[in-house]
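# Structure at a glance
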Amino acid sequence: LALVPVPREAFAGASDLRLFTGGGRMPPNIMIMLDNSGSMNDPPLGCPTCGSKLSIAKPALTTLVTSVNPPLGGGLYDEKARFGLFNYRANGGLLKQSITSGNTGTILTAIAAQTAPGGVGTPIAASMLDVARYYSGTRVWGTLPTWGSLTSEPAVTDPFDYVCRDSFVIFI
């Protein structure tokens, strides 16, 4: 079971772009959970000549990020959203890139460098809990350990720097 808080505004319009661009509000946080299990090296079912699922996902994510944060030239981007990146690890999620302002180039590089070594399974529910723990920062969230309390978790800046900033998770 995964509970994902979604703002009421998410259902107000037909355009997904409005969700991600904040409709004139604070640029939202968008955490991408990119599957790095071994099955991502396989082609999608029913399309043996399509390439691997990962080779399809990486350009799709690059298009998503650059359509939300369009390039301005010179390595700069119109930052309309703040992106982060998680992968699976055994029994949960692994933070690959924190959500911060001005990191679009870093996120695009991290997406391009993704591999699917396998050996981690597909712990969807546990990884969602780890993303929720990341979003909770040092605040207590039920009986779950706070972010950074496990040795594999780096200390990070709280992505909720403003109360009005919406946050989303995209599972790929």
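In this text, all values refer to a predicted model and were calculated from it rather than measured experimentally.

Here Asn36 is to be found in the loop between β1 (29-34) and α2 (53-68). Apart from the residues within four sequence positions on either side, Asn36 is in contact with Asn87, Tyr88, Thr115, Ala116, Pro117, Gly118 and Val120.

Bringing the sheet that holds β1 into the picture now. Here four strands make up an open sheet; going across it, the order is β5-β4-β1-β6 and the pairing mixed. Lying at the two open borders of the sheet, with one neighbouring strand each, are β5 (92-97) and β6 (167-171). Neighbouring strand axes in the sheet, compared pairwise and without regard to direction, differ in orientation by 30° on average. The strands touched by helix α3 (residues 104-112) are β1, β4 (82-89) and β5; relative to β4, the strand with the most contacts, the crossing angle is about 25°. Across the sheet, helix α4 (residues 124-136) lies against β1, β4, β5 and β6, angled at about 155° from β6, the strand it touches most.

To continue, consider the pairing of β1. The buried fraction of β1 is high, at six of six residues. Of the two faces of β1, the one lined by Asn29, Met31 and Met33 and the one lined by Ile30, Ile32 and Leu34 are each fully buried. Pairing of β1 with β6, which is carried by five bridges, proceeds in the parallel orientation. Note that in β6 the partner of Ile30 across the bridge is Phe168.

For the rest of this paragraph, the subject is the side chain of Ser127. Mapping Ser127 onto the fold places it in helix α4. Here Ser127 is in contact with Met33, Tyr88, Gly92, Gly93 and Phe171, once residues within four sequence places are set aside.

Across all of its chains, the model carries one disulfide by this definition. The disulfide partner of Cys47 is Cys50, and the S-S distance across this bridge is 1.5 Å. Because the torsion about its S-S bond is 65°, the bridge between Cys47 and Cys50 counts as right-handed.

Another point: the packing of aromatic side chains. Tallied over the entire structure, the rule returns two aromatic pairs. Ring geometry for Phe86 and Tyr134: centres 6.0 Å apart, planes at 75°, overall edge-to-face. Here Phe86, found in strand β4, pairs with Tyr134, found in helix α4; they are 48 residues apart in sequence, far enough to count as distant. Since its relative accessible area comes to 0%, Phe86 is described here as buried. A relative accessible area of 0% places Tyr134 in the buried class. Ring centres 6.0 Å apart and planes at 50° place the aromatic pair Tyr134 and Tyr135 in the tilted group. In this pair, the class of Tyr134 matches that of Tyr135, namely buried. Ring pairs connect the aromatic residues Phe86, Tyr134 and Tyr135, which therefore count as one cluster.

Mapped onto the elements of the fold, Arg165 is located in the loop between α4 and β6. According to the relative accessible area criterion, Arg165 is buried, its value standing at 5%. It is 5.4 Å that separates the C-alpha atoms of Arg165 and Met26, two residues lying 139 residues apart in sequence. For Arg165, the contacting residues outside a window of four places in its chain are Met26, Pro27, Pro28, Asn29, Arg82, Pro159 and Phe160.

The rules we used
Residues numbered from 1 in each chain as written. Predicted model: local features only at pLDDT ≥ 70, side-chain atom pairs only at ≥ 80, totals over all residues. Heavy atoms only, no water. Helix = DSSP H or I, 4+ residues; strand = E, 2+ residues; numbered from the N terminus. Contact = heavy atoms within 4.5 Å. Pairing = 2+ DSSP bridges. Axes fitted to C-alpha atoms, helices over the stretch in contact; angles between N-to-C directions. Buried < 20%, exposed > 50% of the residue type's maximum accessible area, 1.4 Å probe, protein only. Disulfide = S-S within 2.5 Å. Phe/Tyr/Trp six-rings, centres within 6.5 Å; stacked < 30°, edge-to-face > 60°.

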